[in-house]
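A structural walkthrough
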Amino acid sequence: MSANRQRYSTVCRLVLFSALLWGIACRAQSKTQPASGRLYFLAATTSEHWPQAYPATLYAVDGSGRLQWLREVVSSTEGTRFIYAYGKTIFLLHPHSAVTGVTIMHTDDPMRADDVTFAPQGIIPSPSATVIVEPPGSAEALLVPWITNVKDSATPPEKIEVTSALISSDSANSAKRVRFNAWPEYAYLRSEGTGGGPNYVPGILTSRRNDRLAMDVFGHSTSLASLPPAMEQSSVPVVPVVVGSSDRFLVVVRQPTWEEINSGKLSSSRILHIFDRAQRAWTATRIDANAPSVRLVEPWLAIIAGIWRPDHKPPPGRENEREAETETDGPHPVRLPPVRVLYRSYAGHNIFFPGVLILRDLVDGRKIRIETGQEDSEILRVENDVVLYRVNDSIYQARIVGSELKDTTLIVKDEDVPEIHWAFWSKAASQKN
Amino acid sequence: MRKESCSSRRDKRPGRRLSYMRLAAIMLGLIACGTARAQFVVQTNGGSTVSQGTTLSIDSSPAMPLLTFSVSGGALTCDSLNWSMDISWTFVTGNQGSLLERSGTFYCNQTQTVDWNSEYGGGSATVSWSDDCGHAGNISFTILGTNPSPAAVDSFIPSTPWFWRNLLAWESRAWSTSPTGIYHQFASGGTPLDCDCPNGIGLTQLDPANGGTYPSGINDFWAWNYNEVDGFNLLANIRTAAYNNWTSEWNDMSANTGGNLVPANWPSDCTTHANGAVCGGFTAGTTLFCSFSSANANGSPNGFGDGSWIHRYNGSFFVDWVDGTPNSPGYWEYDAQGPTNGYVFNVCKSPAI
């Protein structure tokens with residue numbers, strides 16, 4: 001072969017090889033990118049029982065790895081009682097003491113303010129029966145029931161009277177924004193489950209009715225699915241609790257009884273019952289923690305390991321949690337709660353969080369374990385094999401490769417990060433910086 | 001015309017007249033200041049002399065010690081004297097707790113009594129003085145407090161609400177600080193009872209408001225009557241929030257249990273662990289002066305509204321319904337909120353004096 005032909009051949013091989021490498025790199029990069037758009041965080045601490053109220057705040061990340069304040073979603077005067085998230089919507093019930101309305105965060109347009117007053121008299125919503133529903137062909141809605149005639153503990157009424165409000169996230173038709181007593185909509189229950197943070201998150205309590213899993217709310221019964229096989233013939237009283245519900249999956253656990261808890265013989269693990277609507281079948285999976293917090297970010301279960309420990313053993317990392325209430329500096333001061341006190345009073349009162357986060361893929365069965373060693377840690381989001389997780393005042397991003405996490409990177413560290421329990425990417429057109 | 005003599009003219013010059021006047025002034029000054037140095041004298045009740053390092057007391061009524069200033073030698077030593085006094089007390093952390101300042105001027109041939117103007121202050125006192133003869137000095141002494149009698153405290157404010165004296169006994173460490181059996185405005189050393197510096201001062205363990213101020217300022221540190229009134233007013237202002245909270249928690253339980261009401265009873269729920277009740281800071285077998293039941297309405301001494309009213313004095317509330325979660329059924333939780341557990345338990349175990 002002539003020298004020129006040899007050189008030409010070598011150049012061609014190099015070009016082809018480079019093209020091949022570039023193609024691989026592009027493919028890898030596209031797998032690491034989440035849904036394109038800007039990353040947003042919602043920081044909020046609910047205060048159902050706490051006398052102080054705290055704001056809900058929307059943030060992004062600035063170029064220096066700090067939080068960039070975008071807007072106040074709920075004021076610190078009102079505070080929030082409960083927060084529910086699913087799909088493209090986050091519902092914030094407020095004020096924290098007696099609810100009059102809901103603020104709706106649209107994740108595809110997070111800067112848009114959307115507030116609906118549905119109970120101007122102020123109500124106590126049923127915490128275990130307030131759920132997001134997604135009726136076919138409709139946007140997500142929040143279904144809120146409450147008792148209308150219980151006032152004084154000394155004089156309970158003969159008959160409990162109830163009503164419910166269904167508040168749609170679709171703001172296009174304001175006339176149909178709120179409907180009352182839409183009980184059958186429980187059939188379309190959706191739930192992302194429980195995030196992290198120091199507060200109790202009420203469970204969605206269901207029941208066994210006519211061999212079906214049913215939502216029984218003040219006498220209004222709605223069938224959800226068949227019963228998990230383990231609950232069909234159980235001789236132990238069964239209270240199924242929905243910990244996640246999506247288009248494809250329904251995740252249920254059995255609530256332990258007080259006899260089991262007080263016996264000191266509670267199992268060290270917990271069984272999650274998973275209904276695959278596509279397969280129309282129940283499966284069961286065991287978690288090595290008997291008091292977990294479960295979040296459904298389909299197809300992943302994002303779990304905070306918890307262990308029932310009423311002896312109040314100090315958990316790891318509690319000393320790193322904010323002890324006293326404070327306020328951020330800058331042009332938009334934000335009131336921040338005493339995280340350590342709240343953990344001690346609420347979520348961490350009887351449950352020991354060792355700082356272990358677990359990811360379970362409900363489709364292919366992959367398991368990933370993240371050891372943070374800190375009580376105040378949680379998985380915020382999983383999207384396209386990118387996971388965001390929080391440890392105290394820091395948020396990390398990592399890539400899921402098989403059953404491992406790689407390329408873990410700190411993306412934000414700031415004073416108000418401990419209040420962040422919701423994260424999402426958005427390609428919102430209107431972004432006010 | 002006869003010319004005046006120089007001497008005559010010299011005699012008439014203003015400078016010469018002034019020099020005479022100056023000499024007279026100096027002579028008078030010498031006579032006034034004299035060769036004796038002014039002795040600043042401080043006397044207190046009964047004519048006792050206060051010297052360097054003396055300890056005086058705010059009595060239990062309360063009344064500040066009488067302080068009278070004079071100058072020994074009087075007008076022979078000086079014409080007038082200026083004085084200023086600082087009385088300061090610091091927390092154990094080194095931060096300033098209270099500061100009282102006074103100042104005045106009096107003629108050396110008179111006396112001056114300090115006007116406390118209804119202010120009470122104790123701690124380390126220093127009086128600095130200077131006279132018009134160029135003499136100066138200072139004297140340092142200590143002023144400490146005296147605890148009131150239980151009868152005085154009890155008669156000063158009515159015994160309502162029913163738990164006021166139990167709360168006062170707990171807050172003022174009546175049964176845990178020597179001498180026991182009295183309400184303590186002051187610790188044994190005569191300084192304000194400072195149990196959680198800088199929070200918690202005196203009889204009612206007052207906390208500073210935002211900005212670090214106390215309702216009656218320095219008087220909340222050194223005058224038990226001001227402290228008791230301010231603590232009582234604080235308690236009165238939080239009743240509504242406490243009653244509303246109980247109503248809210250009861251409604252929350254009702255909503256969470258689908259109307260299957262779970263009664264609340266304290267302390268019996270803590271003894272029997274009824275319905276999974278969780279109790280903070282509770283010790284079984286303790287004699288208690290309170291009990292609460294959901295069968296009693298707000299306003300009843302045995303209603304949970306009053307239980308939360310007690311707890312609210314220390315922050316947060318007494319009882320909350322913990323919603324059922326995936327990990328446990330719902331349950332009543334007592335005395336477990338806020339920075340410390342068992343506040344209501346502690347108040348309810350403290351006998352009134």
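Residues numbered from 1 in each chain as written. Chains lettered and ligands numbered in written order. Predicted model: local features only at pLDDT ≥ 70, side-chain atom pairs only at ≥ 80, totals over all residues. Heavy atoms only, no water.

1. A word on the overall build of chain A
Helices and strands together make up the secondary structure of chain A, namely five helices and 33 strands. A globule of 433 residues ought to have a C-alpha radius of gyration of about 22 Å, and chain A, at 24 Å, matches this closely. Based on the C-alpha atoms only, the size of chain A along its principal axes is roughly 105 × 55 × 50 Å. Considering chain A as a whole, with its 433 residues, one finds that 56% of them fall into the buried category. Across chain A, every contact between residues at least 6 apart in sequence was considered, and the portion connecting residues at least 24 apart equals 54%. A total of about 19000 Å² of accessible surface is found on chain A, and carbon and sulfur atoms cover 50% of it. Put simply, chain A has 46 plus and 47 minus side-chain charges, and the middle of one group is 7 Å from the middle of the other. (Helix = DSSP H or I, 4+ residues; strand = E, 2+ residues; numbered from the N terminus. Rg over C-alpha atoms; globule rule 2.2 N^0.38 Å. Buried < 20%, exposed > 50% of the residue type's maximum accessible area, 1.4 Å probe, protein only. Contact = heavy atoms within 4.5 Å. Areas by Shrake-Rupley, 256 points an atom, 1.4 Å probe, with all protein chains shown as cover. Lys, Arg positive; Asp, Glu negative; His and termini not counted. Charge placed at Lys NZ, Arg CZ, Asp CG, Glu CD.)

2. Remarks on the packing of helix α4 (residues 164-171) of chain B against helix α6 (residues 224-237) of chain B
All names here are of chain B. In contact at an axis separation of 12 Å, α4 and α6 are set at 120 degrees when each is read in the N-to-C sense. One finds that α4 runs oblique with respect to α6. Crossing handedness for the pair α4 and α6: right-handed. Every residue of α6 that contacts α4 at W164, L167 and L168 is listed here: E228, G231, F232 and L235. (Axes fitted to C-alpha atoms, helices over the stretch in contact; angles between N-to-C directions. Parallel < 35°, antiparallel > 145°, perpendicular 65-115°, else oblique. Left-handed = near helix turned anticlockwise from the far one by under 90°.)

3. Remarks on a negative patch on the surface
Side chains of E325, E327, D329 and E415 of chain A sit close together on the surface and give a patch of like negative charge. Within the fold, E327 of chain A resides in strand β24 (residues 326-327). (Patch = residues over 30% accessible without salt bridge, like charges linked within 9 Å, V, L, I, M, F, W, Y side chains within 5 Å. Salt bridge = Lys/Arg side-chain N within 4 Å of Asp/Glu carboxyl O.)

4. Brief notes about the packing of helix α7 (residues 239-256) of chain B against helix α9 (residues 304-312) of chain B
Residues and elements named next belong to chain B. It is the contact of α7 with α9, at a shortest axis distance of 8 Å, that shows an interaxial angle of 130 degrees. Taken as axis vectors, α7 and α9 run oblique relative to one another. Between α7 and α9 lies a crossing whose hand is right-handed. Across the interface between the two elements, R239, A242, Y243, N245 and W246 of α7 pack against F304, G305, D306, S308 and W309 of α9. Looking at the contact of α7 with α9, its residues break down into five nonpolar, three polar and two charged. (Nonpolar A, V, L, I, M, F, W, Y, C, P; charged D, E, K, R; others polar.)

5. What about the packing of aromatic side chains?
Residues and elements named next belong to chain B. If you walk through the whole model with that rule in mind, you get 40 aromatic pairs over all chains. Taken together, a centroid distance of 6.2 Å and an interplanar angle of 50 degrees make the contact between F91 and F221 tilted. With F91 in the loop between β4 (80-90) and β5 (96-107) and F221 in helix α5 (residues 219-222), this residue pair connects regions lying 130 residues apart in the sequence. Comparing F91 with F221 shows no difference in burial state: the two are buried. (Phe/Tyr/Trp six-rings, centres within 6.5 Å; stacked < 30°, edge-to-face > 60°.)

6. Thoughts on the sheet that holds strand β12 (residues 278-279) of chain B
All names here are of chain B. Reading across the sheet, the three strands line up as β12-β15-β14 and stay open at both edges, with mixed pairing between neighbours. Each edge of the open sheet is held by one strand with a lone partner, namely β12 and β14 (319-322). As paired strands, β12 and strand β15 (residues 331-334) are joined by two bridges and run parallel to one another. Within the sheet, the bridge partner assigned to C279 lies in β15 and is Y334. Taken strand by strand, α7 contacts β14 and β15, and its axis lies near 20 degrees from that of β14. (Pairing = 2+ DSSP bridges.)

7. Considerations on the pattern of salt bridges
All names here are of chain A. Throughout the structure, instances matching the rule amount to 27 salt bridges over all chains. In this structure, E260 engages R254 in a salt bridge whose closest nitrogen and oxygen atoms are separated by 2.8 Å. Where D376 meets R390, a salt bridge forms, and the shortest distance between an N and an O atom there is 2.7 Å. In this pair, D376 sits in the loop between β28 (367-371) and β29 (377-383) while R390 sits in strand β30 (residues 386-391), placing the two residues 14 residues apart along the sequence. Neither D376 nor R390 differs from the other in exposure class; each is buried. Salt bridges sharing partners connect three or more residues here, namely E192, R295, D376, E378, R381, E383 and R390.

8. Some thoughts on the environment of N314 of chain B
Tracing the chain through its elements places N314 of chain B in the loop between α9 and β14. For the pair formed by N314 of chain B and D207 of chain B, sequence separation is 107 residues and the distance between their alpha carbons is 9.7 Å.

9. Here we look at the nonpolar core
Residues and elements named next belong to chain B. The biggest cluster of nonpolar side chains holds 68 residues, and the ones touching the most others in it are W266, W332 and Y334. What W332 contacts, discounting residues up to four positions off in sequence, is W246, E249, W250, M253, V262, P263, A264, A277, V278, V319, D320 and W321. Core analysis: the second largest hydrophobic core is formed by 38 residues, F91, F106, W129 and W222 among them. (Core = buried A, V, L, I, M, F, W, Y, C linked by side-chain atoms within 4.5 Å.)

10. Some thoughts on the pairing of strand β6 (residues 101-106) of chain A
Residue and element names in this part refer to chain A. Among the six residues of β6, six are classified as buried, and the element is accordingly described as predominantly covered. The pairing of strand β5 (residues 89-94) with β6 spans six bridges and is antiparallel. Directly across from L93, in β6, lies its bridge partner V102. Counted along the chain from β5 to the antiparallel partner β6, the turn is six residues long. Two elements, β6 and strand β7 (residues 115-117), share three bridges in a ladder whose sense is antiparallel. Pairing of G101 across the sheet is with T117, part of β7.

11. Notes on the interface of chain A and chain B
With 47 residues of chain A at the contact, the number on the chain B side is 40 residues. Taken together, both faces of the contact between chain A and chain B bury some 3200 Å²; the carbon and sulfur share is 55%. Taken as a group, H49, S153 and W258 of chain A account for 21% of the area that chain A buries against chain B, more than any other trio of residues on that side. At the junction of chain A and chain B, the tally comes to zero salt bridges. The interface formed by chain A and chain B holds 15 residue pairs in polar contact (both at pLDDT 80 or more) in total. (Buried area = accessible area lost by both parts, 1.4 Å probe. Polar contact = N/O pair within 3.5 Å; in protein donor to acceptor, adjacent residues only side chain to side chain.)

12. A few points about the confidence of the model for chain A
On average, residues of chain A carry a pLDDT of 89, and 91% of them reach 70 or more. Note on residues 19-33 of chain A: pLDDT under 50 across the span, and seven contacts to partners over four residues away in sequence or across chains. (pLDDT = per-residue confidence, 0-100.)

13. Notes on the sheet that holds strand β27 (residues 356-361) of chain A
All names here are of chain A. Spatially, β21-β22-β27-β28 is the arrangement adopted by the four strands of the open sheet, whose pairing is antiparallel. Strands at the two margins of the open sheet, each flanked by one partner only, are β21 (293-297) and β28. Strand-to-strand twist in this sheet, taken as the mean axis angle between neighbours without regard to direction, amounts to 20 degrees. Judged from the five bridges that link them, β21 and strand β22 (residues 300-304) form a sheet pairing that is antiparallel. By the bridge assignment for β22, L296 is matched with L301.

14. Points about the confidence of the model for chain B
Residues and elements named next belong to chain B. Mean pLDDT over chain B stands at 88; residues scoring 70 or higher make up 88%. For the stretch residues 1-16, pLDDT sits under 50, and the model shows five contacts to residues farther than four places along the chain or on other chains. Quick note on the complex model: pTM equals 0.81, ipTM equals 0.85.

15. Examining the state of the cysteines
Residues and elements named next belong to chain B. One pass over the full model with this rule turns up three disulfides over all chains. Disulfide pairing is shown between C78 and C108; the S-S distance is 1.7 Å. Handedness here is read from the sign of the S-S torsion; for C78 and C108, about -110 degrees, the answer is left-handed. You can see C78 sitting in the loop between β3 (68-72) and β4 and its partner C108 sitting in the loop between β5 and β6 (112-113), a full 30 residues away along the chain. Between the sulfur of C270 and that of C279 lies a disulfide, 1.9 Å long from S to S. Between C270 and C279 the sulfur-sulfur dihedral comes to about -95 degrees; the bridge is accordingly left-handed. (Disulfide = S-S within 2.5 Å.)

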